[in-house]
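# Coordinates in review
Spelled out from the first residue to the last, the chains are:
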Amino acid sequence: LCQSLSSSLEDETLELDTRLWIFSMYGTSTRAFYTVFELTFSGGWPNYARRLVEEVSVAYSVFFFVYIIVVIFAMFRVITALFLRDTLAV
């Protein structure tokens, strides 16, 4: 995300507020990593995805759609499997 959004930071057609938000959330690899960590574990992923999709490019909807479906679904399946294993072991 950091690399794909680097051109958006220099895009003069985007509002300054949007470019500052992009930098604060995805501007460096560390910021992008922490933002993806938050969107994975906080449940507030629309806060991080909607603005990119609506103001930068609709193409980011594909990334977030696949990421949320695959990662979040897989994470919940693993957690559910661990709870079931412990419950059925008793």
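Now for a description of the structure that goes with this document. For clarity, every value in this text was computed on a predicted model and none was experimentally measured.

With the rule as written, the count across this model stands at five salt bridges. Close ionic contact of Arg85 with Asp86 constitutes a salt bridge, the shortest N to O distance being 3.8 Å. A relative accessible area of 53% places Arg85 in the exposed class. Members of the salt-bridge network, linked through shared partners, are Asp17, Arg51 and Glu55.

Direction vectors running N to C along helix H2 (residues 16–26) and helix H3 (residues 29–41) enclose 85 degrees, while the axes themselves pass 6 Å from each other. One finds that H2 runs roughly perpendicular with respect to H3. Contact residues: Phe23, Ser24, Met25 and Tyr26 in H2; Arg31, Ala32, Thr35 and Leu39 in H3. Partitioning the contact of H2 with H3 into residue classes produces five nonpolar, two polar and one charged.

Conventions adopted
- Residues numbered from 1 in each chain as written.
- Predicted model: local features only at pLDDT ≥ 70, side-chain atom pairs only at ≥ 80, totals over all residues.
- Heavy atoms only, no water.
- Salt bridge = Lys/Arg side-chain N within 4 Å of Asp/Glu carboxyl O.
- Buried < 20%, exposed > 50% of the residue type's maximum accessible area, 1.4 Å probe, protein only.
- Axes fitted to C-alpha atoms, helices over the stretch in contact; angles between N-to-C directions.
- Helix = DSSP H or I, 4+ residues; strand = E, 2+ residues; numbered from the N terminus.
- Parallel < 35°, antiparallel > 145°, perpendicular 65-115°, else oblique.
- Contact = heavy atoms within 4.5 Å.
- Nonpolar A, V, L, I, M, F, W, Y, C, P; charged D, E, K, R; others polar.

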